Amino acid sequence: VQLVESGGGLVQPGGSLRLSCAASGFTFSNYFMRWYRQAPGKVREWVALITTTGGLTDYRDSVKGRFTISRDNAKNTVYLQMNSLKPEDTAVYYCNVQKGMPLRDYWGQGTQVTVSS
């Protein structure tokens, strides 16, 4: 399993970024995908979830209405569109898949998002 995030960077408050996560080494279309984030000195927290076909999504309350998770199963890629960014969104963002028996988490290397003026 390999997950490679990209698209992070420095953005002003109110700005937008689109993160991508390219997946390989497993049958991408068979698995839910998730985004997590970890701010300095804080525990990693779940941000968003998308089901196999993209028919159902879910978000943590603090990002609802601002972030949108999507996926392209033909490209084995999951996205996180982040709008109206706030300084409290500053974190390293990680792509995640849970698979295997017993269930195991797989992570990418993360991409830094910094929201600052």
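Here, every reference points to the structure presented above.
This section reports on the structure supplied with the text. Keep in mind that this is a model prediction, so the values were computed, not measured. (Residues numbered from 1 in each chain as written. Predicted model: local features only at pLDDT ≥ 70, side-chain atom pairs only at ≥ 80, totals over all residues. Heavy atoms only, no water.)

**Some words on the overall build of the protein**
- A count of helical and extended segments in the protein gives zero helices and eleven strands.
- A compact globule built from 117 residues would reach a C-alpha radius of gyration of about 13 Å, and the protein, at 14 Å, matches this within 12%.
- Dimensions along the principal axes, computed over C-alpha positions, put the protein at roughly 45 × 30 × 25 Å.
- Each of the 117 residues in the protein was classed as buried or not, and the buried ones make up 40%.
- Residue pairs in contact within the protein that sit at least 24 positions apart in sequence constitute 51% of those at least 6 positions apart.
- Only carbon and sulfur atoms are counted for the fraction: they give 48% of the accessible area of the protein, which is about 6,100 Å². (Helix = DSSP H or I, 4+ residues; strand = E, 2+ residues; numbered from the N terminus. Rg over C-alpha atoms; globule rule 2.2 N^0.38 Å. Buried < 20%, exposed > 50% of the residue type's maximum accessible area, 1.4 Å probe, protein only. Contact = heavy atoms within 4.5 Å. Areas by Shrake-Rupley, 256 points an atom, 1.4 Å probe, with all protein chains shown as cover.)

**Section: the state of the cysteines**
- One pass over the full model with this rule turns up one disulfide.
- Each sulfur of the disulfide joining Cys21 and Cys95 lies 2.1 Å from the other. Across the disulfide from Cys21 to Cys95, rotation about the S-S bond amounts to roughly -80°, and the bridge is consequently left-handed. Residue Cys21 is located in strand β3 (residues 17–24), and its partner Cys95 is located in strand β9 (residues 91–99); the two are separated by 74 residues in the primary sequence.
- Take Cys21: its relative accessible area is 0%, and that puts it in the buried class. (Disulfide = S-S within 2.5 Å.)

**Describing the sheet that holds strand β1 (residues 2–6)**
- Taking strand neighbours across the sheet as the criterion, the four strands line up as β1-β3-β8-β7 in an open arrangement whose pairing is antiparallel. The open sheet is flanked by β1 and β7 (67–72), the only strands paired with a single partner. On average, each strand axis in the sheet is inclined to that of its neighbour by 15°, with strand direction left out of account.
- Pairing of β1 with β3, which is carried by five bridges, proceeds in the antiparallel orientation. Looking at the pairing, Val4 lines up with Ala22 of β3. (Pairing = 2+ DSSP bridges. Axes fitted to C-alpha atoms, helices over the stretch in contact; angles between N-to-C directions.)

The values reported here are purely geometric and, on their own, carry no functional implication.
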